[in-house]
Amino acid sequence: MKFLLPLACGLVGILLAGCAHHRPAPVPVISSPAAAIITPGDLLAGKVAACNTAGRFVVLNFPSAQIPAADQSLFLYRGGLKVAEIRITGPQSDDNTVADIVTGEAQVGDEVRSR
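For the structure given in this document, a descriptive report is provided here. Keep in mind the model is a prediction, meaning the values are calculated, not measured.

**Here's the deal with the overall build of the chain**
Okay, step 1: Helix and strand content of the chain: one helix and six strands.
Okay, step 2: The helix and strand sequence of the chain, counted from the amino end, reads α-β-β-β-β-β-β.
Okay, step 3: In the chain, which comprises 115 residues, the proportion classed as buried is 20%.
Okay, step 4: Put simply, 54% of the contacts in the chain that link residues at least 6 apart link residues at least 24 apart.
Okay, step 5: Of the roughly 8,500 Å² of accessible surface on the chain, a fraction of 64% belongs to carbon and sulfur atoms.

**Let's talk about the nonpolar core**
Okay, step 1: If you look at the biggest cluster of nonpolar residues, it comprises 15 residues, and the most contacted ones within it are V58, L60, F62, L74, L76, I86 and V112.
Okay, step 2: Only β2 (57–61), β3 (73–78), β4 (81–93) and β5 (96–104) provide two or more residues apiece to this core.
Okay, step 3: Every residue in contact with V112, bar those within four places of it in the chain, is listed here: L44, A45, G46, K47, V48, L60, F62, L74, F75, L76 and I86.

**Concerning the sheet that holds β5**
Strand pairs in the sheet, formed through backbone hydrogen bonds, run parallel or antiparallel to each other.
Okay, step 1: Strand order around the closed barrel formed by six strands is β1-β2-β5-β4-β3-β6, with antiparallel pairing between neighbours. Strand-to-strand twist across the sheet, computed as the mean angle between neighbouring axes with direction ignored, equals 45°.
Okay, step 2: One ladder, built from five bridges, connects strand β1 (residues 45–52) with β2; its direction is antiparallel. When the sheet's bridge partners are listed, V48 is paired in β2 with L60.

**Here's the deal with the packing of aromatic side chains**
Okay, step 1: Across all of its chains, the model carries zero aromatic pairs by this definition.
Okay, step 2: Over the aromatic face of F75 sits the side chain of K82, whose NZ or CZ is 4.1 Å from the ring centroid.
Okay, step 3: Here R113 stacks its cationic end above the ring of Y77, 3.8 Å away from the centre of that ring.

**What about unusual backbone geometry?**
Okay, step 1: Here the amide bond leading from G90 into P91 is cis, since omega sits at 5°, within 30 degrees of zero.
Okay, step 2: Mapping P91 onto the fold places it in strand β4.
Okay, step 3: One non-glycine residue with positive phi stands out, namely D71, at about 65°.
Okay, step 4: Here D71 shows up in the loop between β2 and β3.

**Side note on the environment of S93**
Okay, step 1: Tracing the sequence through the fold places S93 in strand β4.
Okay, step 2: C-alpha of S93 to C-alpha of N61: the two residues are 32 residues apart in sequence and 9.7 Å apart in space.

**Observations concerning the pattern of salt bridges**
Okay, step 1: All chains considered together, the criterion is met by two salt bridges.
Okay, step 2: Between D110 and R78 there is a salt bridge, and its shortest N-O distance comes to 2.9 Å. Taken together, the residues D110 in the loop between β5 and β6 (111–113) and R78 in strand β3 connect sequence positions 32 residues apart.
Okay, step 3: By relative accessible area, R78 is classed as partly exposed at 26%.

The rules behind these values
Residues numbered from 1 in each chain as written. Predicted model: local features only at pLDDT ≥ 70, side-chain atom pairs only at ≥ 80, totals over all residues. Heavy atoms only, no water. Helix = DSSP H or I, 4+ residues; strand = E, 2+ residues; numbered from the N terminus. Buried < 20%, exposed > 50% of the residue type's maximum accessible area, 1.4 Å probe, protein only. Contact = heavy atoms within 4.5 Å. Areas by Shrake-Rupley, 256 points an atom, 1.4 Å probe, with all protein chains shown as cover. Core = buried A, V, L, I, M, F, W, Y, C linked by side-chain atoms within 4.5 Å. Pairing = 2+ DSSP bridges. Axes fitted to C-alpha atoms, helices over the stretch in contact; angles between N-to-C directions. Phe/Tyr/Trp six-rings, centres within 6.5 Å; stacked < 30°, edge-to-face > 60°. Lys NZ or Arg CZ within 6 Å of the ring centre and 35° of its normal. Salt bridge = Lys/Arg side-chain N within 4 Å of Asp/Glu carboxyl O.

Rendered as structure tokens:
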């Protein structure tokens, strides 16, 4: 029994000495990716100014330089979620134009985007 205590202390000492010399693995250095180049897109962006759910059409308001062409398909988004697909039918007046609702439903204030 007397020899067990010194033996146990010796084993613990050897184990601790082995751990003291152990070095953690080096942490890999992750280089930062190249700076992203952001270019303005050719996306159309507008808002639903008026909505006629019975007639299934909407009046859209766009910045004057971005009026979409007739028969162009666009999408309506509400809260970041796609809620409808529309097709531009016209007529156009100033920065407003009319579109038929193909699928989904529209509300005043919905965002109009080409993608």
